[in-house]
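# Overview (structure and organization)
The residues making up each chain are set out below.
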Amino acid sequence: MSMSRRKTLAVIGGGVILAATAGLGYVATRQPQTALLPWAAAGQGEDARRRALSYALLAPNPHNIQPWLVDLSEPDVVTLYVDLNKLLPHTDPYNRQITIGLGCFLELMRMAASHDGQRVTITPFPEGFDDRTLDARPIARAVFAADPSVVPDPLFAYALDRRSNKEPFDTARPLPADTLAQLDTAVSTRFGGTIDAQEVAEWRAFTREALRIEIVTPLTYKESVDLFRIGRNEVDANPDGIHFTGPMFEVMAATGLFTRESAFDTTSPAFQAGMDAVFANADTAMGHVWLVSQGNSRPDQLASGADWLRVNLAATAAGVAFHPLSQALQEYPEMAELFRQVHEKLAPDGGTVQMLARIGYGPVVNNSPRWPLDAKIVNA
């Protein structure tokens, strides 16, 4: 559970929740039982493809929606598809962010395979693509081949420690001067960033406004709320989406004090508390980083996803917390002005700003829930 959610809960529940917790001690201590198992199972299996895929499914992706499906029916080949039921049509109308998440998946699969003596040759969109929407055609075809000369990717060492840290960062602890240089070495896409205090203050205000727009826009807010998983039982049943777990959320789920329906009451003190908590994340950024690609084709988006994963892993290696804040890059009408501004600032000579994140030092956070690998295989 993130710090922002704890702050929200403190205002929502107050003493009522504390009293309820005392009476529902067992409920309050429950944690997800199956949703976190994929992290412990990573690397298992007799098939090299399954071993690599068991890591790939831990990759970052928008709204933790986990949109990947894989076909293993062809020997030594992984064919990746997108689950067309796992899209974000309002927040991500052209499926750009979903494609970036799929690029993260492919890169983590490749990295894992490199540590298993496997060379992976990936062909993006072997049957073509539509730049306006994803469809039933394969996202990529990946051929595995044992190769003792393959060089293990050193960033893979941080795969199980990688997080998207949605907690407020420590504003009393500045980032070292060489932080951006450490992250830049991990990628081939155009990388940029700042840890300058004045620039960071400007980006804090900008990302705060983008978050506000996403929340007050009814369709994008509903898309997020529909993906709320409240309490252990919901998380275990559907280990995707935006999870709310931990003692107080278990009590709130058990007593009906926090539901998806109540989250839509934008006039309530709880809603405002939630807004304040979300803003606390943007307001505690100690630096910002971004990726800009020259083109914006589907293959460009996959490549950006690969580099985004690598930046996240490089931050993990440096002990730096990392949290995507790419709301201003979303392509729906209400975000159009901020979209224009961020491109004017970061890509004045052309190109597409693919990702934006805040960095800093934050507390240790738990793993995100994941579907098990077998749930993502369409043909074994």
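Residues numbered from 1 in each chain as written. Predicted model: local features only at pLDDT ≥ 70, side-chain atom pairs only at ≥ 80, totals over all residues. Heavy atoms only, no water.

## Looking at the overall build of the protein
- For the protein, the helix and strand inventory stands at 14 helices and 11 strands.
- Along the first, second and third principal axes, the C-alpha atoms of the protein reach 60 × 50 × 40 Å.
- Looking at the 380 residues of the protein, the share that counts as buried comes to 54%.
- When contacts within the protein are restricted to residue pairs at least 6 apart in sequence, those whose partners lie at least 24 apart make up 79%.
- Put simply, the protein shows about 15,800 Å² of open surface, and 55% of that area lies on carbon and sulfur atoms.
- Charge separation in the protein, taken as the distance between the mean sites of 33 positive and 43 negative side-chain charges, equals 3 Å. (Helix = DSSP H or I, 4+ residues; strand = E, 2+ residues; numbered from the N terminus. Buried < 20%, exposed > 50% of the residue type's maximum accessible area, 1.4 Å probe, protein only. Contact = heavy atoms within 4.5 Å. Areas by Shrake-Rupley, 256 points an atom, 1.4 Å probe, with all protein chains shown as cover. Lys, Arg positive; Asp, Glu negative; His and termini not counted. Charge placed at Lys NZ, Arg CZ, Asp CG, Glu CD.)

## Re empty space enclosed by the protein
- All chains considered together, the criterion is met by 1 cavity of 30 Å³ or more.
- In this structure, the largest cavity spans a volume of roughly 40 Å³.
- Lining the largest cavity we find F125, G128, F129, D130, T133, L134, D135, R137, P138, I139 and R298.
- Looking at side-chain class alone, the lining of the largest cavity contains 5 nonpolar, 2 polar and 4 charged residues. (1 Å grid on protein atoms, 1.4 Å probe; cavity = no way out; pocket = protein on both sides within 12 Å on 5 of 7 lines; lining within 4 Å. Points joined across faces, edges and corners; volume = space filled by probe spheres on them. Nonpolar A, V, L, I, M, F, W, Y, C, P; charged D, E, K, R; others polar.)

## Brief notes about the packing of helix α7 (residues 197-216) against helix α8 (residues 218-225)
- Running from N to C, α7 and α8 cross one another at 85°; their axes reach a closest spacing of 5 Å. By the angle between their directions, the pair α7 and α8 is classed as roughly perpendicular. Note on element contacts: α8 touches α7 through P218, T220, Y221 and S224, opposite I213, E214, I215 and V216.
- In terms of residue class, the contact of α7 with α8 is built from 5 nonpolar, 2 polar and 1 charged. (Axes fitted to C-alpha atoms, helices over the stretch in contact; angles between N-to-C directions. Parallel < 35°, antiparallel > 145°, perpendicular 65-115°, else oblique.)

## Considering the pattern of salt bridges
- Using the criterion set out here, one finds 19 salt bridges in the structure.
- Close ionic contact of D374 with R50 constitutes a salt bridge, the shortest N to O distance being 2.4 Å. With a gap of 324 residues between them, D374 in the loop between β10 (352-360) and β11 (377-379) and R50 in helix α4 (residues 48-56) connect regions that are remote in the sequence.
- Since its relative accessible area comes to 55%, D374 is described here as exposed.
- For R51, the salt bridge goes to D116, with nearest N and O atoms at 2.7 Å. Taken together, the residues span a long stretch of sequence, with R51 in helix α4 and D116 in the loop between α5 (96-114) and β3 (118-124) at a distance of 65 residues.
- When its relative accessible area of 31% is taken as the criterion, D116 is described as partly exposed.
- Each of the salt bridges in this network shares a partner with another, and the network as a whole consists of E107, R110, D153 and R310. (Salt bridge = Lys/Arg side-chain N within 4 Å of Asp/Glu carboxyl O.)

## Remarks on the environment of D71
- Relative to the helices and strands, D71 resides in strand β1 (residues 68-71).
- You can call D71 buried: its relative accessible area is 12%.
- Expressed as a C-alpha distance, the spacing of D71 and S114, which sit 43 residues apart in the sequence, is 20 Å.
- Those residues in contact with D71 that sit more than four places away from it in its chain are V77, V78, T79, Y81, V378 and N379.
- Only 2.6 Å separates the side chain of D71 from the side chain of S73, close enough to count as a polar contact.
- At 3.1 Å, the side chain of D71 forms a polar contact with the side chain of N379. (Polar contact = N/O pair within 3.5 Å; in protein donor to acceptor, adjacent residues only side chain to side chain.)

## Details of the nonpolar core
- Counting residues in hydrophobic clusters, the biggest one holds 64 residues, and the most contacted among them are L102, F105, M109 and V289.
- Considering each element in turn, this core owes the most residues, 11 residues, to α5.
- In this view, M109 contacts A52, L53, A56, V78, V120, I122, A142 and F144; residues no more than four positions away in its chain are not counted. (Core = buried A, V, L, I, M, F, W, Y, C linked by side-chain atoms within 4.5 Å.)

## What about the sheet that holds β1?
- The strand order β3-β4-β2-β1-β11 describes an open sheet built from 5 strands, whose pairing is mixed. Whereas interior strands pair on both sides, the edge strands pair on one side only; in this sheet they are β3 and β11. Adjacent strand axes in the sheet meet at a mean angle of 25° when their direction is disregarded.
- The sheet contact formed by β3 and strand β4 (residues 140-146) spans 7 bridges and is antiparallel. Directly across from V120, in β4, lies its bridge partner F144.
- The strands touched by α5 within the sheet are β1, β2 (77-82), β3 and β4, with β3 carrying the most contacts at an inclination of about 160°. (Pairing = 2+ DSSP bridges.)

## Quick word on unusual backbone geometry
- Notably, Q66 is not glycine yet its phi reads approximately 55°, a positive angle.
- Among the structural elements, Q66 can be located in the loop between α4 and β1.
- For N95, which is not glycine, the phi dihedral falls at a positive 60°.
- Structurally, N95 is set in the loop between β2 and α5.

## Some words on the side chain of Q301
- With respect to the helices and strands, Q301 occurs in helix α13 (residues 298-317).
- Residue classification places Q301 among the buried positions, given a relative accessible area of 2%.
- Beyond its immediate sequence surroundings of up to four residues, Q301 is in contact with N95, R96, T99, I100, N296 and Q354.

By themselves, these are just geometric observations and shouldn't be taken as functional.
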